[in-house]
Amino acid sequence: MPAPISITINSKTYSIPILNGEMDNLVQQMVQQKEAIDRNRERMNDAKVEYNNSCNALLLMYIQQTGQYPE
């Protein structure tokens, strides 16, 4: 039998034993969903870094071209 899975709902953690194939299938689906969330979070973090780099580059270009900070 597969190891129990821990899930958290409303700040309460439950350890749920996997009793049958239907539950195991649902757990596998949950694992895939969690992996997708993690991949999306990583892509979002990368996009934030790229955006911040672009903002910094734009500010630097403005300062270089005008010799002053924008208001």
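It should be noted that the structure appears before, not after, this text.
Attention here is on the structure that accompanies the text.

Thresholds applied
- Residues numbered from 1 in each chain as written.
- Predicted model: local features only at pLDDT ≥ 70, side-chain atom pairs only at ≥ 80, totals over all residues.
- Heavy atoms only, no water.
- Helix = DSSP H or I, 4+ residues; strand = E, 2+ residues; numbered from the N terminus.
- Rg over C-alpha atoms; globule rule 2.2 N^0.38 Å.
- Phe/Tyr/Trp six-rings, centres within 6.5 Å; stacked < 30°, edge-to-face > 60°.
- Lys NZ or Arg CZ within 6 Å of the ring centre and 35° of its normal.
- Pairing = 2+ DSSP bridges.
- Expected span 1.5 Å × (residues − 1).
- Polar contact = N/O pair within 3.5 Å; in protein donor to acceptor, adjacent residues only side chain to side chain.
- Salt bridge = Lys/Arg side-chain N within 4 Å of Asp/Glu carboxyl O.

**So, the overall build of the protein**
Here comes step 1: The helix and strand inventory of the protein stands at one helix and two strands.
Here comes step 2: From first element to last, N terminus to C terminus, the protein shows the α and β order β-β-α.
Here comes step 3: At 23 Å, the protein has a C-alpha radius of gyration far larger than the 11 Å of a compact globule built from 71 residues.
Here comes step 4: Projecting the C-alpha coordinates of the protein onto the three principal axes gives extents of approximately 70 × 20 × 15 Å.

**Considering the packing of aromatic side chains**
Here comes step 1: Scanning the model with the defined rule gives zero aromatic pairs in all.
Here comes step 2: Between Lys 12 and the ring centre of Tyr 14, over which it is positioned, the NZ or CZ distance is 5.3 Å.

**Remarks on the pairing of strand β2 (residues 12-16)**
Here comes step 1: Across five bridges, strand β1 (residues 5-9) lies against β2 in antiparallel orientation. For Ile 7, the partnering residue across the bridge sits in β2 and is Tyr 14.
Here comes step 2: Counted along the chain from β1 to the antiparallel partner β2, the turn is two residues long, and its residue Asn 10 has a positive phi close to 50°.

**Brief notes about helix α1 (residues 21-66)**
Here comes step 1: Between its first and last C-alpha atoms α1 spans 67 Å; for 46 residues at 1.5 Å apiece the expected length is 68 Å, and the two agree.
Here comes step 2: Among the residues of α1, the N-terminal cap falls to Asn 20, whose side-chain oxygen and the backbone nitrogen of Glu 22 are separated by 3.1 Å.
Here comes step 3: Phi turns positive one or two residues past the end of α1, at Gly 67, with a value near 80°.

**Some points on the pattern of salt bridges**
Here comes step 1: Counting across every chain of the model gives two salt bridges.
Here comes step 2: Among the ionic pairs, Asp 38 bridges to Arg 41, the shortest N-O distance being 3.3 Å. Of this pair, Asp 38 and Arg 41 both sit in helix α1, three residues apart, which is roughly one turn of the helix.
Here comes step 3: Among the ionic contacts, a cluster of salt bridges with common partners joins Lys 34, Asp 38 and Arg 41.

**Points about unusual backbone geometry**
Most peptide bonds take the trans configuration, and most residues that are not glycine carry a negative phi.
Here comes step 1: Positive phi, normally seen in glycine, also occurs at Asn 10, with a value near 50°.
Here comes step 2: Here Asn 10 shows up in the loop between β1 and β2.
Here comes step 3: The backbone of Ser 11 sits at a positive phi, close to 65°, despite the residue not being glycine.
Here comes step 4: Topologically, Ser 11 is positioned in the loop between β1 and β2.

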